[in-house]
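Survey of secondary and tertiary structure
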Amino acid sequence: WGAGAGCAARIGRMSSIPARAPFAWPALALVINAFVWGTSWWPFRQLEAPHQRLHQTAAEAVRAWNRGERERARELGEEGRRISGEIVQLLEALRTA
C-alpha cells in the first residue's frame, strides 16, 4: 500500500460503509493516497508482493524448524535469501530510476 496506506486504511475502518461495499476498497485507498501524499510513492508498490512473500517464507521456515524439519527450514531460508535479493534489486532499480 505504500507510505500513505495507513491513512486510507484508517478512513476505511472508521466508515459506516460495510466491508463488502460494491466498489473495491484498494482502489479507493489509492485515490485517497494520491490526494493526500501525491503519486511519488506508487513505484514502491512493486515491493509489496516480494516483501509479503519474504515474511511468509520466514514464518514457514520457523514453523518447519520448530516441527523438527531442519532440511525444509534450511530450504526455506535459502528461498528467503533469494527473495531478499529480489527486493534489493527492486530497490536498486528505484534508486537509479
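The residue numbering used here restarts from 1 in each chain and proceeds along that chain's sequence as written. Confidence filtering applies because this is a predicted model: local features only for residues at pLDDT of at least 70, side-chain atom pairs given and counted only at 80 or more, and all residues used for totals across whole chains, interfaces and linings. No hydrogens and no water enter the side-chain calculation; it runs on all heavy atoms of the structure.

1. A short note on the overall build of the protein chain
Our working definition: Strands are runs of DSSP state E lasting at least two residues, helices are runs of H or I lasting at least four, and both sets are numbered from the N terminus onward. Exposed residues in this analysis have more than 50% of their type's maximum accessible area, buried residues have under 20%, and partly exposed residues fall in between, with area computed by a 1.4 Å probe over protein chains only. Here, residues are in contact when the closest pair of their heavy atoms is within 4.5 Å. Using a 1.4 Å probe, accessible areas were evaluated by the Shrake-Rupley method; residue-level cover was limited to the displayed protein chains.
The helix and strand tally for the protein chain stands at four helices and zero strands. Of the regular secondary structure in the protein chain, the N- to C-terminal order runs α-α-α-α. The buried share of the protein chain, taken over its 97 residues, is 20%. Of the contacts made within the protein chain by residues no fewer than 6 positions apart, 59% connect residues no fewer than 24 positions apart. For the protein chain, the exposed area adds up to about 7000 Å²; of that, 61% sits on carbon and sulfur atoms.

2. Comments concerning the packing of helix H3 (residues 48-66) against helix H4 (residues 70-96)
Worth spelling out the cut-off: Axis lines are fitted through C-alpha atoms, for helices just across the contact stretch, and the angle between N-to-C directions can take any value from 0 to 180 degrees. Any angle between 65 and 115 degrees counts as roughly perpendicular, while under 35 counts as roughly parallel, over 145 as roughly antiparallel, and the rest as oblique. Each crossing gets its hand from how the near helix is turned against the far one by less than a right angle, where anticlockwise is left-handed and clockwise is right-handed.
Taken N-terminus to C-terminus, the directions of H3 and H4 make an angle of 165 degrees; their axes are 8 Å apart at the nearest point. With respect to H4, the axis of H3 lies roughly antiparallel. Remark: the crossing between H3 and H4 carries left-handed chirality.

3. Side note on the environment of glutamate 60
As for its position among the elements, glutamate 60 is in helix H3. The spatial distance from the C-alpha of glutamate 60 to the C-alpha of alanine 73 is 7.7 Å, given a sequence separation of 13 residues.

4. Section: the pattern of salt bridges
Stated precisely, the cut-off is as follows: The salt bridge definition used is simple: a Lys or Arg side-chain nitrogen within 4 Å of an Asp or Glu carboxyl oxygen.
In the structure shown here, the tally under the stated rule is ten salt bridges. Glutamate 92 is the salt-bridge partner of arginine 95, the closest N and O atoms lying 2.6 Å from each other. Of this pair, arginine 95 and glutamate 92 both sit in helix H4, three residues apart, which is roughly one turn of that helix. Exposure remark for arginine 95: the relative accessible area of 61% places this residue in the exposed category. Overlapping salt bridges, with partners in common, bring together Arg53, Glu79, Arg82 and Glu86 in one network.

5. Notes on the confidence of the model for the protein chain
Our working rule: The predictor attaches a confidence to each residue, called pLDDT, with possible values from 0 through 100.
Averaged over all residues, the pLDDT of the protein chain is 76; the fraction at 70 or higher stands at 58%. Here helix H1 (residues 5-14) stands out as the element of the protein chain with the lowest mean pLDDT, 45, in contrast to H3, whose mean of 95 is the highest.

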